[in-house]
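Coordinate inspection notes
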Amino acid sequence: PQTAETKTSAAPASDTIVIGHVGSMTGNEATFGQSSDNGMKLAVEEQNKKNGIKGKKIVLKTYDDQGKPEEAAVAATRLVTQDKVLTFLGEVSSSRSIAMGPVADSNKIPMISNSSTNPKVTKDGDKTRPFVFRVCFIDPFQGTVMAKFAAENKKWKKVAILRDVGNDYSVGLANFFTETFKKLGGDIVDDVSYKAGDQDFKAQLTKLKSKGAEAFYVPGYYTDVALIARQAKELGIKVPLMGGDGWDSEKLYEISKGALDGSFFSNHYSPEDTSPQVKDFIAKYKATYNSVPDAHAVLGYDAANVAFHAMETAKELTGPAIREEVEKTKDFPGVSGKITLNKDHNADKPAVVIGIEKNAPKYAATISP
Ligand code: PHE
């Protein structure tokens, strides 16, 4: 057995482990970063109560990227070089995770994205990102989910698309939806663009109004989508909107003020899920934050726990050793479902479809890969 002395000399000087988080804590997508951070903090607290990792206390260091990809890359670099993190979590938005990935690879420090769903985050064509992982599904699946829902559940034949052209996530999802919807015999009657932060969408909406679409697919982020919904209503457009996980925020309801009633979006989790894991998590989250967790809170919590598990089982606390363990993640019991990372470092998990009724989210369906 090791003596106390050899133990001391072998152990690193510090009795804490720093984990990083890069998120949009302010800006148009502030709820993404804030909810993720809340979920991560809860995971850190719990793990520290269980004696931390290998006896060391975990400290979470969070940087705000204000919703900007350049800032996200700077923040990731600062976490690695200044704060000496052994793993960092984030981002939510795919464009920002895509900007952060090279920092993980060049410094050999694992990055685990909680909710970025664009394929390019972990693999861009032939270019793989050995140190980048995510705990969520990806958009070819998410786009298929809504295309199937539209074509099979709703029997819609004609859909128009309104996409955010400056957002990798939105562009990807619009393309994946189109591909599957056409395969299922549907018709995309028009496809128009906007840019995040636009205030006036009336020109695009007026153009779409006369095309005979039974629904509009709007895979953007909540602030823009809510404004789009309100302006569509003002223009007398009655068709439902459909979207993806980017809609998930309590602000969606606040800003749209009921204009999204009858609409649908795909997401990672529903608070109406009655599994013990979800019920437990909601109770814990409410006790701490006094609100119902959204998908970011859930995925932030799961991403942190996947990181802790990898650190705990790593043969040493170095980036490459932790990376090896993250890569082995299998059947990890997350709140968002069982997490197994596939060869492209993505999680294959079911998606839920959420309907909006009386300006509130209502679980509609679960769709498995
Ligand atoms: N999936 C989105 C992206 O990749 C981010 C997101 C996830 C937004 C979950 C809301 C909920 O950009």
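Below is a summary of the structure that appears in this document. Model, not experiment: these values are computed from the prediction.

Another point: the sheet that holds strand 2 (residues 57–64). Read from one edge of the open sheet, 5 strands run 2-1-3-4-7, paired in parallel fashion. Edge positions in the open sheet fall to strand 2 and strand 7 (132–134), since each of these has one partner strand only. Strand after strand, the sheet turns through a mean of 25° between neighbouring axes, direction not considered. Most of the contacts of helix 2 (residues 30–49) go to strand 2, to which it runs at about 170°, and overall it touches strand 1 (16–23), strand 2 and strand 3 (87–89).

Another aspect to go through is unusual backbone geometry. Cis geometry is adopted by the peptide bond preceding E91, which originates at G90 and carries an omega value of -15°. On the secondary structure map, E91 appears in the loop between strand 3 and helix 4 (94–107). Notably, Q66 is not glycine yet its phi reads approximately 55°, a positive angle. Topologically, Q66 is positioned in the loop between strand 2 and helix 3 (69–81). A positive phi angle, near 50°, is found at D331, a position not held by glycine. Counting through the fold element by element, D331 comes out in the loop between helix 12 (319–327) and strand 13 (332–334).

Moving on, we get to the environment of K157. Looking at the element boundaries, K157 is found in the loop between helix 5 (139–153) and strand 8 (158–164). For the pair formed by K157 and F181, sequence separation is 24 residues and the distance between their alpha carbons is 8.6 Å.

In this section: the nonpolar core. In terms of nonpolar packing, the biggest core is built from 56 residues, with F177, F216, M242 and L252 touching the most fellow members. Setting aside chain neighbours within four positions, we find F177 in contact with G143, M146, A147, A150, V159, I161, I188, Y217 and M242. L42, F133, V298 and A303 belong to the second-largest nonpolar core, a separate cluster that totals 40 residues.

Looking at the ligand, there are 13 residues lining it, with S94, T117, Y221, D245 and H296 nearest. Interatomic distance of 2.5 Å between a side-chain N/O atom of Y221 and an oxygen atom of the ligand. At 2.7 Å, a side-chain N or O of D245 approaches a nitrogen atom of the ligand. With the chains in place, 100% of the 320 Å² that the ligand exposes on its own is no longer accessible.

This part takes up the pattern of salt bridges. When the charged atoms of two side chains lie near each other, side chains of opposite charge can form a pair. For the structure shown, the criterion picks out 17 salt bridges. With a closest N to O distance of 2.8 Å, E327 and R323 form a salt bridge. You can see E327 and its partner R323 sitting in helix 12, 4 residues apart, about one turn around the helix. A salt bridge links D344 to K343; the nearest nitrogen and oxygen atoms lie 3.6 Å apart. What emerges from the salt-bridge pattern is a single network uniting E29, D65, E91 and R96.

Attention now moves to the pairing of strand 16 (residues 360–367). Sheet analysis places strand 15 (residues 351–357) next to strand 16, joined by 7 bridges and oriented antiparallel. From the neighbouring strand, A351 faces strand 16, where its bridge partner is I367. Linking two consecutive strands that pair antiparallel, namely strand 15 and strand 16, is a turn of 2 residues; a positive phi of about 50° is found at K358 within it.

Right, let's talk about the packing of aromatic side chains for a bit. What characterises a pair of aromatic rings is the spacing of the ring centres plus the angle enclosed by the ring planes. What the rule picks out here adds up to 12 aromatic pairs. Ring geometry for F177 against Y217: centres 4.0 Å apart, planes inclined by 20°, an arrangement best described as stacked. Note that F177 is positioned in helix 6 (residues 168–183) and Y217 in strand 10 (residues 215–217), a separation of 40 residues in sequence. Since its relative accessible area comes to 0%, F177 is described here as buried. Measuring from centroid to centroid gives 5.8 Å for F281 and Y285, while their planes differ by 40°, and the two rings are tilted. Within this pair, F281 and its partner Y285 are both found in helix 10 (residues 276–289), separated by 4 residues, close to a single helical turn. Classification of F281 as buried rests on a relative accessible area of 1%. On the basis of relative accessible area, Y285 is assigned to the buried category, the value being 2%. Each residue in the set F32, Y169, Y221 and Y222 is aromatic and connected to the rest through ring pairs, giving one cluster. Lying over the aromatic face of Y63, R78 brings its terminal NZ or CZ to 5.4 Å of the ring centre. Just above the ring of F131 sits the side chain of R323; from NZ or CZ to the centre is 5.6 Å.

What counts as what
Residues numbered from 1 in each chain as written. Predicted model: local features only at pLDDT ≥ 70, side-chain atom pairs only at ≥ 80, totals over all residues. Heavy atoms only, no water. Pairing = 2+ DSSP bridges. Helix = DSSP H or I, 4+ residues; strand = E, 2+ residues; numbered from the N terminus. Axes fitted to C-alpha atoms, helices over the stretch in contact; angles between N-to-C directions. Contact = heavy atoms within 4.5 Å. Core = buried A, V, L, I, M, F, W, Y, C linked by side-chain atoms within 4.5 Å. Buried < 20%, exposed > 50% of the residue type's maximum accessible area, 1.4 Å probe, protein only. Near = heavy atom within 4 Å. Polar contact = N/O pair within 3.5 Å; in protein donor to acceptor, adjacent residues only side chain to side chain. Areas by Shrake-Rupley, 256 points an atom, 1.4 Å probe, with all protein chains shown as cover. Salt bridge = Lys/Arg side-chain N within 4 Å of Asp/Glu carboxyl O. Phe/Tyr/Trp six-rings, centres within 6.5 Å; stacked < 30°, edge-to-face > 60°. Lys NZ or Arg CZ within 6 Å of the ring centre and 35° of its normal.

Function cannot be read off these values alone, since they describe shape.
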